[in-house]
Amino acid sequence: MLLIRCPYCEEERPELEFRNAGEAHIARSTDIAGESDDDFEKFFFIRSNPKGIIYERWRHMHGCARFFNAVRDTVTDKFVMTYKAGEPKPAKLPGVAK
Amino acid sequence: MAKAAAKKTAAAASPSVDRRPALAGRSTTATGVKVEVLPPAERISLRAPEASVAALSKALGLTLPKKPKTSASKGGRTALWLGPDEWLVIDEGGNDPLADCATVAALHSAVGISHRNIAISVAGPAAEATINAGCPQDLSLDAFPAGAASRTILGKAEIVLLRTSDDAFRVECWRSFSDYVFTFLSEGARDAAG
Ligand SMILES: [Zn+2]
């Protein structure tokens with residue numbers, strides 16, 4: 001079974017306790033009513049869908065229930081690292097050449 | 001008519017009416033493990049920021065644990081860490097943790113969930129194997145020692161697991177899941193024994 005490290009529980013836990021919650025670091029506009037339709041479409045519908053490294057929100061649904069962020073490789077399904085919600089995108093990824 | 005209705009309401013609210021908890025008294029025994037529904041208890045779901053923890057601990061008469069996957073117990077009352085600002089408090093001594101929290105002015109949310117949950121005891125040398133029949137967590141004594149507590153899953157149902165001693169667990173689940181959870185544990189007990 002895939003193990004995912006929860007940054008709040010501070011340990012690896014079985015994947016069955018987790019839920020994916022979509023791409024991370026997508027900021028909602030502070031003036032959503034003033035957005036153009038095109039900008040709103042980008043914010044609301046368009047996702048990067050990369051082959052390789054993706055930044056995602058995950059939720060430890062059946063554990064501490066907290067949302068957190070994870071860096072995952074969509075090719076290998078390997079989790080590179082996880083970090084707490086609200087923390088910035090990590091500048092360096094462990095073990096990933098770039 | 002109104003009189004009859006009023007009478008009926010009074011009768012329903014009367015404490016003399018028998019309370020019939022879900023699965024009351026059910027138990028099953030297999031080689032090395034006993035699965036048994038525990039008596040009703042008082043329970044609260046507690047959410048509080050860091051700044052309120054000391055005042056709540058004082059009112060509850062135990063220190064709310066701050067470390068993940070741990071619990072604290074005192075005088076028939078146990079507080080289980082569920083999340084960074086969330087605890088499940090269980091009182092088996094007949095005292096009401098909700099009333100104790102009501103005396104605290106510091107910001108918090110305490111919700112009475114006594115009747116939402118059913119507790120099932122799984123005890124014996126095969127208890128660990130019985131729960132692992134449907135729970136994917138590492139329940140070895142190194143990873144999950146006595147006193148460890150965690151929200152997790154058993155089969156398709158969410159549970160809260162507390163290890164009360166090296167070979168005994170308390171499984172808390174929602175009332176509506178209790179039939180499934182009890183049956184699952186009974187099957188797990190049979191497998192663990194076999
Ligand atoms: Zn967690």
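From a predicted model like this one, the values you see are computed outputs, not experimental measurements. (Residues numbered from 1 in each chain as written. Chains lettered and ligands numbered in written order. Predicted model: local features only at pLDDT ≥ 70, side-chain atom pairs only at ≥ 80, totals over all residues.)

### With respect to the interface of chain A and chain B
Contact with chain A, which involves 13 residues of that partner, is made by 12 residues of chain B. The residue inventory of the side of chain A that touches chain B, partitioned by class, reads seven nonpolar, two polar and four charged. (Contact = placed C-beta atoms within 7 Å. Nonpolar A, V, L, I, M, F, W, Y, C, P; charged D, E, K, R; others polar.)

### Here's the deal with the pairing of strand S2 (residues 33-37) of chain B
Within a regular beta strand, the side chains point alternately toward one face of the sheet and then the other, so they alternate between its two faces. Residue and element names in this part refer to chain B. Of the two faces of S2, the one lined by Val 33, Val 35 and Val 37 is fully buried and the one lined by Lys 34 and Glu 36 carries no buried residue. Pairing analysis gives four bridges linking S2 to strand S8 (residues 117-123), with the strands arranged antiparallel. Considered in S8, the bridge of Lys 34 is made with Ala 123. (Buried ≥ 20, exposed ≤ 12 C-beta atoms within 10 Å, placed from the backbone. Helix = DSSP H or I, 4+ residues; strand = E, 2+ residues; numbered from the N terminus. Pairing = 2+ DSSP bridges.)

### Observations regarding the domain arrangement of chain B
All names here are of chain B. Each assigned domain of chain B is listed here: domain 1 (24-40 + 116-194) and domain 2 (41-114). Each partner contributes residues to the interface: domain 1 has 12 residues there, and domain 2 has 12 residues. Secondary structure elements with two or more residues in the side of domain 1 that touches domain 2: S8, strand S9 (149-154) and strand S10 (157-165). Sorting elements by how many residues they give to the side of domain 1 that touches domain 2 places S9 first, with three residues. Residue composition of the side of domain 1 that touches domain 2, grouped by class: seven nonpolar, three polar and two charged. (Domains from an automatic or database assignment.)

### Brief notes about the sheet that holds strand S1 (residues 27-30) of chain B
Note: strands within a sheet are paired through backbone hydrogen bonds, in either parallel or antiparallel orientation. Residues and elements named next belong to chain B. Pairing is antiparallel across the open sheet formed by six strands, whose spatial order is S1-S2-S8-S11-S10-S9. Strands at the two margins of the open sheet, each flanked by one partner only, are S1 and S9. Each neighbouring strand pair of the sheet contributes to a mean axis angle of 25°, computed without reference to strand direction. Each of S1, S2, S8, S9, S10 and strand S11 (168-174) touches helix H5 (residues 178-193); the most contacted strand, S2, lies at about 170° to it. (Axes fitted to C-alpha atoms, helices over the stretch in contact; angles between N-to-C directions.)

### A look at the sheet that holds strand S3 (residues 42-47) of chain B
Residue and element names in this part refer to chain B. One open sheet holds the five strands; their spatial order is S4-S5-S6-S3-S7, and the pairing between them is antiparallel. Each end of this open sheet is capped by a strand with a single partner; those strands are strand S4 (71-74) and strand S7 (109-112). Within the sheet, the average angular offset between the axes of one strand and its neighbour, ignoring direction, is 20°. As paired strands, S3 and strand S6 (residues 86-91) are joined by six bridges and run antiparallel to one another. What sits directly across from Ser 45, in S6, is Leu 88.

### Focus: unusual backbone geometry
One can expect most non-glycine residues to show negative phi and most peptide bonds to be in trans. One non-glycine residue, Glu 10 of chain A, lies in the positive phi region at around 60°. By the element assignment, Glu 10 of chain A lies in the loop between strand S1 (3-6) and strand S2 (11-14). On the basis of neighbour counts, which here come to 11 C-beta atoms within 10 Å, the residue Glu 10 of chain A falls in the exposed class. Of note, Leu 23 of chain B is a non-glycine position whose phi angle comes to about 60°, a positive value. By the element assignment, Leu 23 of chain B lies in the loop between helix H1 (2-13) and S1. Judged by the 18 C-beta atoms lying within 10 Å of it, Leu 23 of chain B falls in the partly exposed class.

### Re the environment of Lys 66 of chain B
Residues and elements named next belong to chain B. Its location among the elements puts Lys 66 in the loop between helix H2 (53-60) and S4. Residue Lys 66 is classed as partly exposed on the basis of its 14 C-beta neighbours within 10 Å. Taking the C-alpha atoms as reference points, Lys 66 and Glu 86, separated by 20 residues in sequence, lie 9.6 Å from one another.

### What to know about the nonpolar core
Residue and element names in this part refer to chain B. Ile 120 and Val 171 are the most contacted members of the largest nonpolar core, which has 54 residues in total. Ranked by residue count, the leading element in this core is H5, at six residues. Here this core spans two domains, and each of domain 1 (24-40 + 116-194) and domain 2 (41-114) adds at least three residues to it. When sequence neighbours within four positions are dropped, the list of residues in contact with Ile 120 reads Val 35, Glu 36, Val 37, Leu 38, Val 171, Val 181, Phe 182 and Leu 185. (Core = buried A, V, L, I, M, F, W, Y, C linked by C-beta atoms within 7 Å.)

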